[in-house]
Amino acid sequence: MATKVATSSGGSDARERDRYAYWHEVICRFYARAEAHRNDRDQPFFADFERRVLGTLTISDIRCAALRYDRRSTDLRLDPNEDFLLTLMLDGQACLEQDGRLAMQNPGDMVLYSAAHRFDYNFIKPYRILLVRIPRRTLLSRLPDAERMTAVALGSDSYIGSMAARLMRSASTMPNHEETGPAAKVGTSMLELISAAFEVDVADRRDLRDRQAALLHRAKEFMQTRLDDPDLEVESIANSLHVSQSTLSRAFASEGNTVMRYLWKLRLDAGHMALQEGRVSRVVDIALGCGFVSASHFSRMFKDTYGVLPHTLLRGNAAPD
């Protein structure tokens, strides 16, 4: 079964407003209630879509002017829709935000989002997408962790994802049949591929982030308790944590840092705090206590970081005569 809707790009301003209002009604009826905001008011509005039913799934081929769809708390109350929506970008560019995650979507990318939560889906320029609506229970039965995979872009470099994308393209153009059985089987196959792609690629990516976060926490705690060790290096830290040096370095790189840069910042911050609190009377004691091999090395790095020499703060803490 197929449904076609099109809005013309010509005509008066009144018809322009009607087309826009009608498209907003279509979006709310077939997908999820959301406010639609135009990104290119100076251009004539256009939109069209063709929708096919594939068993419990529907797939739509949508072409539209640049819009931002904003589903908020009011929409959730008025439209208690909890289905999942998945889009494959064919042309254009978009940014999807949901549950604190932000995904940039380019041609070939797929993203998943949930109508049960607020979202902001901004199509920056005119676009064409394939949109699959998946009943909530249907997806969760195959992908139980789906809620944690929303607003994460699955790129065209995903092997299983590319298989799902090819099937989606074919399904969106398949001839109509009086029998619903063949279409339902196509929908089931598409769902299996989509679930597998997100399970393999997105879940693995999230697991890697979790493992890196745990390693970062352990490494930072380890360094904090050994600041006075001048022999502390990437190799000794990695060995103590039972990971490779490259694994440790990648973990710090994930937050735009290096192991040694973070260590030297810890040492300098500790020295600065000791000076401010007046806990020492000699710069050399601070330097050695924070793992520096000499007072001159400490003073040089301290000046580069804080703009003053440590002796200046030491004199400032001296008791008046």
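None of these values were measured; they are calculated from a predicted model.

(A) Fine view of the overall build of the protein. Along the protein, the regular secondary structure elements total eleven helices and eleven strands. Taken over the C-alpha trace, the protein has a radius of gyration of 28 Å; the compact-globule value for 321 residues is 20 Å, which it surpasses by more than 25%. Over its C-alpha atoms, taken along the principal directions, the protein stretches across nearly 95 × 45 × 30 Å. Here the protein holds 321 residues, and the buried ones make up 44% of them. Nonlocal contacts in the protein, meaning residues at least 24 apart in sequence, comprise 71% of its contacts between residues at least 6 apart. Each charge class in the protein was averaged separately, 43 positive and 43 negative side chains, and the resulting centres sit 2 Å apart.

(B) Looking closely at the packing of aromatic side chains. The full count for this structure, using the stated rule, is 15 aromatic pairs. With a centroid separation of 5.6 Å and 55° between ring planes, the pair formed by Phe30 and Phe49 is classed as tilted. Of this pair, Phe30 sits in helix H1 (residues 13-30) while Phe49 sits in strand S3 (residues 47-54), and the two are 19 residues apart along the sequence. Judged by its relative accessible area of 13%, Phe30 falls in the buried class. Its relative accessible area of 2% is what places Phe49 among the buried residues. By way of ring pairs, the aromatic residues Tyr69, Tyr113, Phe119, Tyr121, Phe123 and Tyr127 are connected into one cluster. Seen from the ring of Trp264, Arg267 lies directly overhead, with NZ or CZ sitting 4.7 Å from the centre.

(C) Fine view of the pattern of salt bridges. Evaluation of the coordinates by the stated rule reveals 16 salt bridges. Arg33 is the partner of Asp75 in a salt bridge, and the nearest nitrogen-oxygen pair spans 3.2 Å. Taken together, the residues span a long stretch of sequence, with Asp75 in helix H2 (residues 73-78) and Arg33 in the loop between H1 and strand S2 (35-38) at a distance of 42 residues. Asp75 sits in the buried class, given a relative accessible area of 3%. One salt-bridge network, held together by shared partners, links Arg68, Asp70, Arg72 and Asp120.

(D) Representation of the pairing of strand S6 (residues 84-91). For S6, the buried fraction is high: seven of the eight residues fall into the buried class. As paired elements, S6 and strand S9 (residues 110-114) share five bridges and run antiparallel to each other. Considered in S9, the bridge of Leu85 is made with Tyr113. By the bridge criterion, seven bridges tie S6 to strand S11 (residues 127-134) in an arrangement that is antiparallel. Counterpart to Phe84 in the pairing with S11 is Ile134.

(E) Layout of the nonpolar core. With 32 residues, the main nonpolar core has Trp23, Ile62, Cys64, Tyr69, Tyr121, Phe123 and Tyr127 as its most contacted residues. Contacts of Ile62, omitting those with residues within four sequence positions, involve Trp23, Tyr31, Asp48, Phe49, Tyr127, Arg128, Ile129 and Leu131. Membership of the second largest hydrophobic core comes to 30 residues, among which are Leu57, Leu90, Leu130 and Leu191.

(F) Just the packing of helix H6 (residues 234-241) against helix H7 (residues 245-253), in detail. At a minimum axis distance of 9 Å, the contact between H6 and H7 shows a crossing angle of 100°. Relative to H7, the element H6 lies roughly perpendicular. Along its contact with H6, which presents Val234, Glu235, Ile237, Ala238 and Leu241, the element H7 presents Gln245, Leu248 and Ser249. Of the residues belonging to the contact of H6 with H7, the class tally is five nonpolar, two polar and one charged.

(G) Main features of helix H8 (residues 259-276). Over its 18 residues, H8 extends 26 Å from the first C-alpha to the last, a length consistent with the 26 Å expected when each residue adds 1.5 Å. Of all the residues in H8, the buried ones are Val259, Met260, Tyr262, Leu263, Leu266, Arg267, Leu268, Gly271, His272, Ala274 and Leu275. After H8 finishes, the residue Gly278 shows a positive phi value of roughly 65°.

(H) How the structure looks around the packing of H8 against helix H10 (residues 295-306). Between H8 and H10, the shortest axis-to-axis distance is 11 Å and the interhelical angle comes to 90°. One finds that H8 runs roughly perpendicular with respect to H10. For the pair formed by H8 and H10, the contact residues are Trp264, Leu268, Asp269, Gly271, His272 and Leu275 on the first element and His297, Phe298, Met301, Phe302, Thr305 and Tyr306 on the second.

(I) Structural view of the sheet that holds S2. Read from one edge to the other, the open sheet built from five strands follows the order S2-S5-S10-S7-S8, with strand pairing classed as antiparallel. At either margin of the open sheet sits one strand with a lone partner, and together these are S2 and strand S8 (101-105). When the angles between neighbouring strand axes are averaged without regard to direction, this sheet yields 10°. The pairing of strand S7 (residues 94-98) with strand S10 (residues 119-123) spans four bridges and is classified as antiparallel. Looking across to S10, one finds that Leu96 is bridged to Tyr121.

(J) The arrangement of the side chain of Ser60 in detail. Tracing the backbone through its elements, the reader meets Ser60 in strand S4 (residues 57-64). Here Ser60 falls in the buried class, since its relative accessible area comes to 0%. Only 2.7 Å separates the side chain of Ser60 from the side chain of Tyr31, close enough to count as a polar contact.

(K) Local environment of the environment of Met89. Structurally, Met89 can be placed in strand S6. Along the primary structure Met89 and Leu131 are separated by 42 residues, whereas in three dimensions their C-alpha atoms are 8.8 Å apart. In this view, Met89 contacts Ala94, Gln105, Asn106, Pro107, Gly108, Asp109, Phe123, Tyr127, Arg128 and Ile129; residues no more than four positions away in its chain are not counted.

Rules used in this analysis
Residues numbered from 1 in each chain as written. Predicted model: local features only at pLDDT ≥ 70, side-chain atom pairs only at ≥ 80, totals over all residues. Heavy atoms only, no water. Helix = DSSP H or I, 4+ residues; strand = E, 2+ residues; numbered from the N terminus. Rg over C-alpha atoms; globule rule 2.2 N^0.38 Å. Buried < 20%, exposed > 50% of the residue type's maximum accessible area, 1.4 Å probe, protein only. Contact = heavy atoms within 4.5 Å. Lys, Arg positive; Asp, Glu negative; His and termini not counted. Charge placed at Lys NZ, Arg CZ, Asp CG, Glu CD. Phe/Tyr/Trp six-rings, centres within 6.5 Å; stacked < 30°, edge-to-face > 60°. Lys NZ or Arg CZ within 6 Å of the ring centre and 35° of its normal. Salt bridge = Lys/Arg side-chain N within 4 Å of Asp/Glu carboxyl O. Pairing = 2+ DSSP bridges. Core = buried A, V, L, I, M, F, W, Y, C linked by side-chain atoms within 4.5 Å. Axes fitted to C-alpha atoms, helices over the stretch in contact; angles between N-to-C directions. Parallel < 35°, antiparallel > 145°, perpendicular 65-115°, else oblique. Nonpolar A, V, L, I, M, F, W, Y, C, P; charged D, E, K, R; others polar. Expected span 1.5 Å × (residues − 1). Polar contact = N/O pair within 3.5 Å; in protein donor to acceptor, adjacent residues only side chain to side chain.

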